[in-house]
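Structural characterization, general
Take a look at the letters that make up each chain.
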4 protein chains.
Amino acid sequence: MDHKIKIVNDPVHGFIEMPTGKGSYIVNHRWFQRLRNIKQLGMAHYVYPGAMHTRFQHSLGAYFLTQQAIEVLKSKDIDITDSESESVLLAILLHDNGHGPYSHTLEGSIIQGIKHEQLTYAFMTHLNKELEGGLDKAIDIIKNLYSKRFLHQLISSQLDMDRLDYLKRDSFFTGVSEGVIGTERIIKMLTVSNDSLAVEEKGIYSIEKFLIARRLMYWQVYLHKTVLAAELMLLSILRRAHFLFHQNKLTLPKLLHTFWANKLQYENLIMEPQWLELFAQIDDAEVSIWIKEWTQSNDKILSFLSKRFIERKLFKVEIQRQPHDEEKITQYRKKAQNFLNISDDEATYLVFSDSAENHAYSIHDNKINILYKNGKLLDIADASDILNIDVLSKNVVKYFLCFIPECKE
Amino acid sequence: MDHKIKIVNDPVHGFIEMPTGKGSYIVNHRWFQRLRNIKQLGMAHYVYPGAMHTRFQHSLGAYFLTQQAIEVLKSKDIDITDSESESVLLAILLHDNGHGPYSHTLEGSIIQGIKHEQLTYAFMTHLNKELEGGLDKAIDIIKNLYSKRFLHQLISSQLDMDRLDYLKRDSFFTGVSEGVIGTERIIKMLTVSNDSLAVEEKGIYSIEKFLIARRLMYWQVYLHKTVLAAELMLLSILRRAHFLFHQNKLTLPKLLHTFWANKLQYENLIMEPQWLELFAQIDDAEVSIWIKEWTQSNDKILSFLSKRFIERKLFKVEIQRQPHDEEKITQYRKKAQNFLNISDDEATYLVFSDSAENHAYSIHDNKINILYKNGKLLDIADASDILNIDVLSKNVVKYFLCFIPECKE
Amino acid sequence: MDHKIKIVNDPVHGFIEMPTGKGSYIVNHRWFQRLRNIKQLGMAHYVYPGAMHTRFQHSLGAYFLTQQAIEVLKSKDIDITDSESESVLLAILLHDNGHGPYSHTLEGSIIQGIKHEQLTYAFMTHLNKELEGGLDKAIDIIKNLYSKRFLHQLISSQLDMDRLDYLKRDSFFTGVSEGVIGTERIIKMLTVSNDSLAVEEKGIYSIEKFLIARRLMYWQVYLHKTVLAAELMLLSILRRAHFLFHQNKLTLPKLLHTFWANKLQYENLIMEPQWLELFAQIDDAEVSIWIKEWTQSNDKILSFLSKRFIERKLFKVEIQRQPHDEEKITQYRKKAQNFLNISDDEATYLVFSDSAENHAYSIHDNKINILYKNGKLLDIADASDILNIDVLSKNVVKYFLCFIPECKE
Amino acid sequence: MDHKIKIVNDPVHGFIEMPTGKGSYIVNHRWFQRLRNIKQLGMAHYVYPGAMHTRFQHSLGAYFLTQQAIEVLKSKDIDITDSESESVLLAILLHDNGHGPYSHTLEGSIIQGIKHEQLTYAFMTHLNKELEGGLDKAIDIIKNLYSKRFLHQLISSQLDMDRLDYLKRDSFFTGVSEGVIGTERIIKMLTVSNDSLAVEEKGIYSIEKFLIARRLMYWQVYLHKTVLAAELMLLSILRRAHFLFHQNKLTLPKLLHTFWANKLQYENLIMEPQWLELFAQIDDAEVSIWIKEWTQSNDKILSFLSKRFIERKLFKVEIQRQPHDEEKITQYRKKAQNFLNISDDEATYLVFSDSAENHAYSIHDNKINILYKNGKLLDIADASDILNIDVLSKNVVKYFLCFIPECKE
């Protein structure tokens, strides 16, 4: 009578059937539930107020798309066993579990030097123990150690289910409708050739559009200059806090203290689950509370930046293709110094240059392969006559100059 | 060259032109910016993961719809001066400013006994000072003291722009597509008759659908039993904390201490802006941190509930139309007592009954008027032959019994 | 290598997998292909220009939804054999095959007195011969002669896949977004109890919304007065042609002549396939050509009406709840007589009264059953406390008075 | 009381306010109303069943977008007088009026050698007389004789409102969601520089996406091989009929006879309105009736092709980048000859080669200009680093080989 499959409403994909078995164990785990408190797009909501969506939704969405993809591949007689299917799904479910607060924004700054992928592996390692080896194959797949390589590519490649979900989801929630991609069509075109994920010939235009949409989302959303301004401000705050802490001039919030007082290596995370337990408690809310506290700090810089951040009085940003003129930077710093009556060194928290780069397509990573009817396999870079792959694959570097508005007054 | 109007992407309504002048002052005010950190739907995201949208977005959306409505009314030769138009827009922008963390969920529990409308008035009073009387008319309108009553009805009535926005927005973000209403059509049908907002005759079916959609959203989202379970758990936690505080058994977080140690009246808020300044600092994140701390509390109840809340191990809820059987409640409490080894009194935090009520339409409030071509004005209750207004306007009361799952094992 | 399943893009439901086997035979049959030339909504596109969609699309859409429904029912352990599943799908595919030009508008006027359902049965009878009995079970199901009654209800009941598709489709193409219904959710809630299709308890609000949306579509689209004006004009033209033909004053187009010169009975259609072959040639285009020719007719009435129809100079329509005043009609007819210099009798083609009726829900037909968790089955009329089923099930009759604009000048 | 502005529901753009004044005269003209019977995408609905939309809807949609564009330009202080604004709107309304049945498919084959643009001019010339010169300026604009060139570019250029509407509309109705473009955003970015329409710098990614979407629609819809198969079959039928007519072996339907018996020049159309009156009577329905009749023709080829066309038994099509091998063609023709027992010459109606070409962007036409903040104006070809404009602007030629399936058995 009671139909055990739980269904969740996803505004992006419609109804999603929730995982059962090990998947259900994972979804209900506190380490997975915490993703509800980590915004997918860091500070992008300062520019796109709708962008409040979380890693939790994204993980479920990517899981859903992977389910679709597996069904399509099976219908094309690609051999995928039930255990492989379960493992890919577990892997995609967990692929972002290592993300910390504000996703990429603060990556490497709370546990210094550690990437979110390493944290993901660590989480999986410990969950695997709880599940008594139930994640063995999932871990192999995510680490690309599993024999059928195309399973890894579903999770991590230039046309993985992760990207398909996040591009569609980010478009949806930001309202940048031009980023919308036809996930349904792309997935219908998926196939496997030579143990490699490939796209059927007639899907070529969809792939071109996918690459263009991805590029558009990069410059319009992910690297939008006001989004960057917010994220760099957040980073600047943490940098200042870190400096003060090491100068013994700042008492840190407990959780942050733990991580900054201990220089952790990847091995620690793997061997000592208590670190993950603590890390799992640091979400967007936690960080926002630190900053609220720091608005009251005695340190002029820290309180100044924290206040402005909370009230969304952000840095100004100037962007160009070349590094910014040192003289201009110096001049802006002078202004900042005078304005806040601070030292030259201190002004580097208020005026600094940084860069962001992006290539829409990489010729080094797993390629996007087009499978022709005659069996030929071609890299999209060669299959597409319109996309200038030289350019697509070239790093586009943009140089930002961040500064407080007072520098230009 | 520089076109000063700022445009914001709203996934619900498309492009929204940001307010200028006083409106811009308000939007950039820290008191308005804080709405970014207050989820529109409290804990609904525990059931509908997409529902992370905020009062900030909603306020801008309602502002946008009000703009549309004013344009429509003007095109029908309804007299609205520029100053009136500006004031309605300022009023709608601020209509939800008094909301605290998790919107309705915690209403009245942080500043005990104070409704969010009172807080809204308080915020407006102080902002009015900052704007040197610039909100005088907006305040009159929101308080329904202004001569043209229909302006107030745009902000607060059974067919106000507030409802139009939140129904559409909540449908959009929860993915409950059936709650979607045709805001564009309804607004095009608006008119004014006898100083009352009215809907042109041919809009009658749209209004019927609006009422049905509203009812659907109530039972499917706002009063969904798991949503309630989460919200009642949150309330139960705060109730326990409040009890412990007054027993001197709990040291409160600073901000909460301030409010619970001082019994504030509405007058205090009006006269002493510092309260608002403090209240404005309490957002969803702040509360989530309290609960995280309380997971470590010595109090068995408080830590138990806090842990479960964070890990989304919620109350079970049974719903019925009649009050729940006292005997059953007693029996469940016994189970809870045994399970946690607590007293009878303490078990009331884990097992309790509550009720929620809703009427889709009120015959006492501002009616929804249908304006016929012959000039006749009819309440939708009389104009619609399909909607059973007796029922629509009857309070539907549902009784919940909340308890921890262990009570039924 | 070649994956034989053909996929068709449906703007309403997304990708639809085309039927295979017998279903493919049917879809490729000239009798099915002709549905491409029969607009789903007759003349509604005169008011809603987007409403050019056809019975072809609708038949595929209903087929798709039936597929979904069968899958859902099976997942709930309802016993449906492969052969039953195939037969319901064939039945829904053909359920509208008997529709003639402009769908309902001209029903019964080309083959006088024959309903489209009878034509559907006739087409199925002959297709069944071609398929050597392959439609036996499908015919039993559509005629409600099959033991499992719920299979018939999927095709024809107050909550059948036919209605779910046409409401959604008609909303989509007219752009009346308020008619949109949540087909996905409703289908997910379907179940069978007591050999009757039923809806799970928590689907009750969706059903309410479905009934309201249906009613809205009736008055806003299907019975919109300008749509009626166009359809009644078309009928008036055919009535005039029929009169003239029987007066030997009009040479008919060949196909029409065949049908009006032979008084066919249902039996003829069943026994003599040639009639269907001829009928199948009469589509919207064919009729439009007749009318174009008739613009040149010697008969003043016929040419007048035909010209106006083509140029979309339609009747005016006045609607009321009571029959129209005879005196007024007489007076309008006088005007029309004078205007065209015609007889009193002839004026009845230009000025006439008619009525349309609709009930949103019938208490006599197959009810919509709600299945409660305790196993109780309740008619939605009793389950819903908001819908005034007395009213919903009451025929709403509206009386139209059609006349040429000159009558009021 | 009565608000004279009529509103029409467009499923693509929402509510469209119908033109008033001269615009209303035109919309209600029989020459404009006939566009209701001309499908925007010819035979594309054989592949995309939803694609039944008409030139009528498209003309209103382009009108709507032009209205938006004018508003945006005015808000940026571009000088456009009321009379200019009215004239551009009249011009866009009429820009497709010269289209005949099945739009591009039969262009030049009914009135041999005449392009639809010439017919548009002819229609406008005669409507201008009816309006006593009211279209003078609109004609100047559409012919690019008007001083402000950017007004012409709104109607006809590589980023005109025509394209914006048809890409979005065709995507919508075919269900090829990937063709969707962000018309709203593009229009918001429009500006004028140097009397040329231009796009603001930050619109560059939207333009890239527009070009890619356009290309995608070309290969996925407009030049889809089954669509081509249908259109080439239709053309083949007409070619055969034309041949037979000139051999005195076929009595043509009256309207077609008129045009094929008279060799008309553009001048005739301009001087003698009766031709337009007759041409206006030839819509999709008319042609479909010809073909229905021809299924009964004595000519083996004509009846064979006509039957297959109606029953959607289309040509097979093979596509390649080089011309097809003559030998293969000869061999296929042999098969066709044998199959139908016809001559070598006659087989050319059943087996033939043709080509289609497309460039996504032309470097010769009006360029798409990007206006940088520093005032610099750059062709998108130079502004975009990702689009390979050499390729985009290169004609992509694809060679089709059409043949009946029997040729390959």
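Reading the values: rules and limits
Residues numbered from 1 in each chain as written. Chains lettered and ligands numbered in written order. Predicted model: local features only at pLDDT ≥ 70, side-chain atom pairs only at ≥ 80, totals over all residues. Heavy atoms only, no water. Domains from an automatic or database assignment. Contact = heavy atoms within 4.5 Å. Buried area = accessible area lost by both parts, 1.4 Å probe. Salt bridge = Lys/Arg side-chain N within 4 Å of Asp/Glu carboxyl O. Nonpolar A, V, L, I, M, F, W, Y, C, P; charged D, E, K, R; others polar. Buried < 20%, exposed > 50% of the residue type's maximum accessible area, 1.4 Å probe, protein only. Helix = DSSP H or I, 4+ residues; strand = E, 2+ residues; numbered from the N terminus. Pairing = 2+ DSSP bridges. Lys, Arg positive; Asp, Glu negative; His and termini not counted. Polar contact = N/O pair within 3.5 Å; in protein donor to acceptor, adjacent residues only side chain to side chain.

With that out of the way, let us pick up the domain arrangement of chain A. Residues and elements named next belong to chain A. According to the domain assignment, chain A consists of domain 1 (7-224 + 362-393) and domain 2 (225-264 + 280-356 + 401-408). Each of domain 1 and domain 2 has a C-alpha centre, and these two points are 32 Å apart. Of the residues lining the interface, 25 residues belong to domain 1; the matching set on domain 2 comes to 27 residues. Summing the contributions of domain 1 and of domain 2, the shared interface buries around 2,300 Å²; its carbon and sulfur component is 64%. If you sort the residues of domain 1 by the area they bury against domain 2, Y46, I110 and H224 come out on top, with a joint share of 29%. Joining domain 1 to domain 2, the criterion identifies 1 salt bridge. Close ionic contact of K39 with D284 constitutes a salt bridge, the shortest N to O distance being 3.3 Å. Its residues assigned to classes, the side of domain 1 that touches domain 2 shows 17 nonpolar, 6 polar and 2 charged.

Residue and element names in this part refer to chain B. Where burial is concerned, most of strand β4 (residues 196-200) is hidden: 5 out of the 5 residues are buried. Relative to β4, strand β3 (residues 190-193) runs antiparallel, the two being bridged by 4 bridges. Pairing of L190 across the sheet is with V199, part of β4. Turn length for the β3-β4 hairpin, with the two strands adjacent in sequence and antiparallel, is 2 residues, and the turn residue N194 shows positive phi of about 60 degrees. Two strands pair when backbone bridges link them, and β4 and strand β7 (residues 369-371) are joined in this way by 3 bridges, in the parallel orientation. Looking at the pairing, E200 lines up with L371 of β7.

Residues and elements named next belong to chain D. Looking at where D162 falls in the secondary structure, it is placed in helix α8 (residues 161-174). With no salt bridge to any partner, buried D162 finds its closest opposite charge in R55, at an N-O distance of 5.6 Å. Here H58 takes part through its side chain, which lies 2.8 Å from a polar atom of the side chain of D162. If we ignore the near neighbours within four places in the chain, the residues touching D162 are H58, A62, I92, H95, D96, L154 and I155.

This part is about unusual backbone geometry. Its identity is not glycine, yet N248(C) carries a phi of approximately 60 degrees, on the positive side. Classification of N248(C) as exposed rests on a relative accessible area of 71%.

The next point concerns the interface of chain A and chain B. The extent of an interface is frequently quoted as the accessible surface area lost upon association of the parts. Chain A puts 33 residues into the contact, and the matching count from chain B is 33 residues. When chain A packs against chain B, the two sides together hide about 2,700 Å² of surface, and 58% of this comes from carbon and sulfur. The three residues of chain A that bury the most area against chain B are N9(A), R36(A) and P49(A), which together make up 21% of that side's buried surface. Put simply, chain A and chain B have 2 salt bridges between them. Close ionic contact of E286(B) with K292(A) constitutes a salt bridge, the shortest N to O distance being 2.7 Å. Scanning the region where chain A abuts chain B turns up 10 residue pairs in polar contact (both at pLDDT 80 or more). Elements that contribute at least two residues to the side of chain A that touches chain B include exactly β1 (7-10), α2 (30-33), α3 (55-75), α8 (161-174) and α15 (284-294) of chain A. Examining the composition of the side of chain A that touches chain B, we find that 5 residues originate from one element, α15(A), more than from any other. Residues belonging to the side of chain A that touches chain B are distributed by class as follows: 14 nonpolar, 11 polar and 8 charged.

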